[in-house]
Amino acid sequence: MELGLCNPVVALMCVAAAIAGLPRARAQSSYYDRVLFDNSLTPDRYFYAQADVQGPSTVETIAGRLPVDGEHFHTPPNALRLHWVSNDGGGWQAHIRVNEWRNRLLHFTGDTLTFWCYESEPLSEQNLPRVVLRDAGRTSSYGVDLAPNLTLNDEDHNFTKPLELAPYFSGLRPGRWTRIAIPIRAFHSSTVHVLDPQKIIAVVFSQDKADGAAHTLLIDDISIEDSRQLVVHTVLPAVRDVTATGYERHVEVAWQPLTNTGVRHYLIYRSLDGGPFEPVGIQVPGIRRWEDFLGATDKHAAYKVAAVDRSFHQGPMSAPVSASTHPMTDDELLTMVQQASFLYYWEGGSQVSGMARENIPGNDSIVATGASGFGVMALVVGVDRGFITREQGAERMLKIARFLERADRFHGAWAHFMDGSTGKALPLFGAYDDGADLVETSFMMEGLLTAREYFDRDTTSERELRDRITRLWQGVEWSWFRRDPKNDAIFWHWSPDYAWFIHFRLAGWNEVMITYLDAIASPTHAVPASFYSSGWAGGSSYSQPHKAEGVELKVGEGVGGPLFFTQYSFMGFDPRGLHDKYTNYFDQNRNMATINLKYCERNPAGYAGYGSDDWGITAVDGPGGYVPYEPNPANKYELDDGTIAPTGAISSMPYLPEASMHALKHFYRDNGSELWGPFGFRDAFNQQQDWVANINMGLNQAPMVVMIENYRSGLIWKTFMKNPEIKQALQRIGFQPDPPKE
Ligand code: CA
């Protein structure tokens, strides 16, 4: 394989290289410029808090992680529990780490470490732990070297000298939460490296005096604050327009966001079945909904919402609203998943450009080209399902089209990532990736061509939209990416500064079939149709029929790869009823999904959870960062660590509707308390490691919206396939209708 799996991996390896010069994050990501910990998504142990213990001292852990306390917390629903015994000759450290995600720039702006503490029995100054700060050292951003095992002895990381906590704990009283504030300048570096307070990556509690007694300290809301803000009390108005909507197992609470920049978070109170109102959750600014997973039907709950300021003063409560959970049909469940995932793009999109973020939470200033193309297809579904009006959809589309016109273009192609305000290309995957990304551009065109056919009415805005999309389509110089007239394939990247330095010849089997379809279909800069067989299908491994998990695969190697191969190109391209000289791609995709399902049922590694309702292995950011996961026990990269992506199984809906629905219900009904969030299913989870992604990904939510719709009505397939250029391209390539079935 010349490209396929290798590229994203290689690209992500480069992430740590260069993020200088990126736009500063805003809105909800400014929350994460202060907050290091607020809550654990998992109720038992916190994945990002690891304890390292040397006997005879002890620290209570669950599989090496600090336990989570769901009864006592400063912000609901939980806090971390540190329970220790310090003995002579032993030692312990509890590392509470930043939860890093793709494109998260560590950029703490404050000068004071603060956290909230609760002790049920008084701790004397003699038996407090000590605290250490650790910064990211030379690895200054999200990268494979930081995440996997919370490596404690990594020399790249700078530790401060342990700080005695006693002077800062004088106000702590048993039985109530107290805020501790320690100026960062009180921490002194333990080496010649000076601590970088902007890049603090962990707060580490450690053994001090060995008194041989058991102590417990609950810790919550760790943040790096501006000392001038610590005591500022912002007068916040009541939250308005609060609504509650009941679904099968959860209630969604929504509100009108406050424009006040002094909001730290929103606090949600619930009264269950007529009981008292209790705080149950918080939501960050920038997201106006919160999902309360009640776990059963016929539960009745009332809610109030209040805003909380930067120094944790709560504003007035909203008026109460209530809702009940109730049984839902399969059809209604499908719509629920589609609508929630659609909102990733509709509510979570960039205000200026209308384009999609790479991930939420993430860097609010950055938009991603491929994710935006997928988002356009989700938008079309959103209009058709009535989530938004047709006029709203057309207006958003015009905003996107106008942005794409003024954004940086390189021979008509766009970069992978752009500044959502200016359209300037951002080389996030390393300095050489500062130009065109043809694959991302082809995903964008897949969406735009769908929209051009869907918005077909004779109105001013829809006419304008079609014209603009046609001009964008005509402007992409696909043939330039041939690089040299001697070549019989197209190449992924071109940079005005580094030309073809990132030398990736595009070849299948993988996600780039749509890139070849677009390039061959172009009305202005087409490549020869023969590139389909010489480029896309030109590798020696493309067509080697074989079996995996007892299922025949005509195309691709091993198990065929991650499931996204069966989704990205086939959100628009309808593979039903036609074949090329190698196979029918509906069969190919169904067989790959079947291999994935069978592998998870067989569960050769014995991972927690795996089974007929718990499958869907595909490339995602797992517990240790990005991995192109695939269900391959023989894979030398060991690309299965127990991580399942809901999008893997759910976006296989057209191929394996029953197994896909089975998984959807399991993810929602059995795992919904951790997995279901304001944009639908969170990106991935790993029951083996008790880990849940706290992000949604722009490349993963839309395939659920679109592939469920293709299963239900075929809408996006029919709409994309109406494009005359695509029809002609398929003919030129040599696709043939399938013979009638016996
Ligand atoms: Ca909390």
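Treat the numbers as computed from the prediction; the structure is a model and nothing was measured. (Residues numbered from 1 in each chain as written. Predicted model: local features only at pLDDT ≥ 70, side-chain atom pairs only at ≥ 80, totals over all residues. Heavy atoms only, no water.)

Enquirer: Describe unusual backbone geometry, listing the residues and the values that go with them.
Expert: Leave glycine aside and you will find that most residues have negative phi; peptide bonds, for their part, are mostly trans. Cis geometry is adopted by the peptide bond preceding Pro361, which originates at Ile360 and carries an omega value of -5°. With respect to the secondary-structure elements, Pro361 resides in the loop between β21 (359–360) and β22 (366–368). Here the amide bond leading from Gly508 into Trp509 is cis, since omega sits at 5°, within 30 degrees of zero. Positioned with a positive phi, Arg483 is a non-glycine residue whose angle comes to about 75°. Here Arg483 lies in the loop between α7 (460–475) and β25 (493–494). Judged by its relative accessible area of 36%, Arg483 falls in the partly exposed class. The phi dihedral of Glu549 is positive, around 50°, even though this residue is not glycine. (Helix = DSSP H or I, 4+ residues; strand = E, 2+ residues; numbered from the N terminus. Buried < 20%, exposed > 50% of the residue type's maximum accessible area, 1.4 Å probe, protein only.)

Enquirer: For the coordination of the calcium ion, give the residues involved together with the corresponding values.
Expert: Donor atoms from the polypeptide that coordinate the calcium ion comprise Asp38 (O), Asn39 (OD1), Thr75 (O), Thr75 (OG1), Asn78 (O), Asp220 (OD) and Asp220 (OD), at 2.3 to 2.5 Å from the metal. Read in sequence order, the donor residues for the calcium ion give the motif D-N-x35-T-x2-N-x141-D. Of this pair, Asp38 sits in the loop between β1 (35–37) and β2 (45–54) while Thr75 sits in the loop between β4 (65–69) and β5 (79–85), and the two are 37 residues apart along the sequence. With respect to burial, Asp38 and Thr75 carry one shared label: buried. (Donors = N, O, S within 2.8 Å, 3.2 Å for Na, K, Ca; no water.)

Enquirer: Talk me through the sheet that holds strand β17 (residues 278–283); I want residue IDs and the actual numbers.
Expert: Spatially, β17-β16-β19-β20 is the arrangement adopted by the four strands of the open sheet, whose pairing is antiparallel. Whereas interior strands pair on both sides, the edge strands pair on one side only; in this sheet they are β17 and β20 (321–324). Geometrically, the sheet is characterised by an average inter-axis angle of 35° between neighbouring strands, direction not taken into account. (Pairing = 2+ DSSP bridges. Axes fitted to C-alpha atoms, helices over the stretch in contact; angles between N-to-C directions.)

Enquirer: Provide a residue-level description of the pattern of salt bridges, including the pertinent values.
Expert: Within the structure shown, the criterion is met by 35 salt bridges. With a closest N to O distance of 3.0 Å, Glu60 and Arg81 form a salt bridge. Separated by 21 residues along the polypeptide, Glu60 in the loop between β3 (58–59) and β4 and Arg81 in strand β5 bring together distant segments of the chain. We classify Arg81 as partly exposed; its relative accessible area is 21%. (Salt bridge = Lys/Arg side-chain N within 4 Å of Asp/Glu carboxyl O.)

Enquirer: Can you break down the sheet that holds strand β15 (residues 250–256) residue by residue, with the values?
Expert: The strand order across the open sheet formed by three strands is β14-β15-β18, and the pairing between neighbours is antiparallel. Where the open sheet ends on each side, the last strands, each with one partner, are β14 (240–246) and β18 (289–293). Neighbouring strand axes in the sheet, compared pairwise and without regard to direction, differ in orientation by 15° on average. Pairing geometry for β14 and β15, over five bridges, is antiparallel. Note that in β15 the partner of Ala244 across the bridge is Val253.

Enquirer: Please set out the domain arrangement of the protein chain residue by residue, giving values where relevant.
Expert: One can read the domain layout of the protein chain as domain 1 (31–227), domain 2 (240–327) and domain 3 (333–734). Summarising the inter-unit geometry, the C-alpha centres of domain 1 and domain 3 are found 39 Å apart. Between domain 1 and domain 3, the contact holds 16 residues from the first and 24 residues from the second. Carbon and sulfur atoms supply 51% of the area buried between domain 1 and domain 3, which totals about 1800 Å² over both sides. Among the residues of domain 1 in contact with domain 3, Leu41, Arg102 and Asn103 are the three that bury the most area, contributing 39% of the side total. Taken together, domain 1 and domain 3 are joined by three salt bridges. The shortest N-O distance in the salt bridge between Asp621 and Arg102 comes to 2.8 Å. On the surface where domain 1 and domain 3 come into contact, there are six residue pairs in polar contact (both at pLDDT 80 or more). The residue makeup of the side of domain 1 that touches domain 3, split by class, is 10 nonpolar, three polar and three charged. (Domains from an automatic or database assignment. Contact = heavy atoms within 4.5 Å. Buried area = accessible area lost by both parts, 1.4 Å probe. Polar contact = N/O pair within 3.5 Å; in protein donor to acceptor, adjacent residues only side chain to side chain. Nonpolar A, V, L, I, M, F, W, Y, C, P; charged D, E, K, R; others polar.)

Enquirer: Before we move on, could you go through the packing of helix α5 (residues 390–406) against α7 and cite the residues and values that matter?
Expert: Running from N to C, α5 and α7 point in directions that differ by 30°, and their axes come no closer than 10 Å. As the angle between them shows, α5 and α7 are arranged roughly parallel. Of the two possible hands of crossing, α5 and α7 adopt the one that is left-handed. For the pair α5 and α7, the contacting residues are Arg390, Ala394, Met397, Leu398, Ala401, Arg402, Leu404 and Glu405 in the first and Ser461, Glu462, Glu464, Leu465, Arg468, Ile469, Arg471 and Leu472 in the second. Here the contact of α5 with α7 is composed, by residue class, of eight nonpolar, one polar and seven charged. (Parallel < 35°, antiparallel > 145°, perpendicular 65-115°, else oblique. Left-handed = near helix turned anticlockwise from the far one by under 90°.)

Enquirer: Residues and numbers for α7, please.
Expert: The end-to-end C-alpha separation of α7 is 23 Å, in line with the 22 Å expected for 16 residues at 1.5 Å each. Within the span of α7, buried status applies to Glu462, Leu465, Arg466, Arg468, Ile469, Leu472 and Trp473. The buried side chains of α7 occupy one side of the element, clustering within an arc of 165° when seen end-on. Contacts from the buried residues of α7 go to α5, α6 (438–454), α8 (513–521) and α16 (724–733). (Expected span 1.5 Å × (residues − 1). Arc of directions from axis to C-beta.)

Enquirer: So what about the environment of Asp587? Which residues, and what values?
Expert: Along the polypeptide, Asp587 turns up in helix α10 (residues 585–602). With relative accessibility at 30%, the residue Asp587 sits in the partly exposed group. Sequence-wise, Asp587 and Glu552 are 35 residues apart; in three dimensions their C-alpha atoms are separated by 9.7 Å.

Enquirer: So, the pairing of β15: which residues are in play, and what are the values?
Expert: Most of β15 sits inside the fold, with six of its seven residues counted as buried. Here β14 hands over to β15 after three residues, the two strands then running antiparallel side by side. Relative to β18, β15 is paired through five bridges, and the arrangement is antiparallel. Residue pairing across strands places Val253 opposite Trp290, the latter belonging to β18.

Enquirer: Could you give an account of the environment of Ile388, naming the residues involved and the relevant values?
Expert: For Ile388, the position within the fold is in the loop between α4 (369–384) and α5. The spatial distance from the C-alpha of Ile388 to the C-alpha of Gln339 is 10.0 Å, given a sequence separation of 49 residues.

Enquirer: Can you tell me about the pairing of strand β16 (residues 263–272), naming the residues and giving the values?
Expert: Most of β16 sits out of view: nine of its 10 residues are buried. Taken together, the nine bridges between β16 and strand β19 (residues 300–309) define a ladder with antiparallel strand orientation. Across the sheet, the residue bridging to Ser271 is Ala302, located in β19. Bridge count for β16 against β17 is five bridges, and the pairing is antiparallel. Opposite Tyr269, over in β17, you have Pro279 as the bridge partner.

Enquirer: Tell me about the packing of aromatic side chains, residues and numbers included.
Expert: For the structure on display, the rule yields 45 aromatic pairs. On the numbers, 5.3 Å between centres and 85° between planes, the contact of Tyr454 with Phe455 is edge-to-face. With a relative accessible area of 11%, Tyr454 lands in the buried category. Of note, Arg104 hangs over the ring of Trp101, and the distance from its end group to the ring centre comes to 4.5 Å. Over the ring of Phe491 we find Arg483; its NZ or CZ atom is 5.8 Å from the centre of that ring. (Phe/Tyr/Trp six-rings, centres within 6.5 Å; stacked < 30°, edge-to-face > 60°. Lys NZ or Arg CZ within 6 Å of the ring centre and 35° of its normal.)

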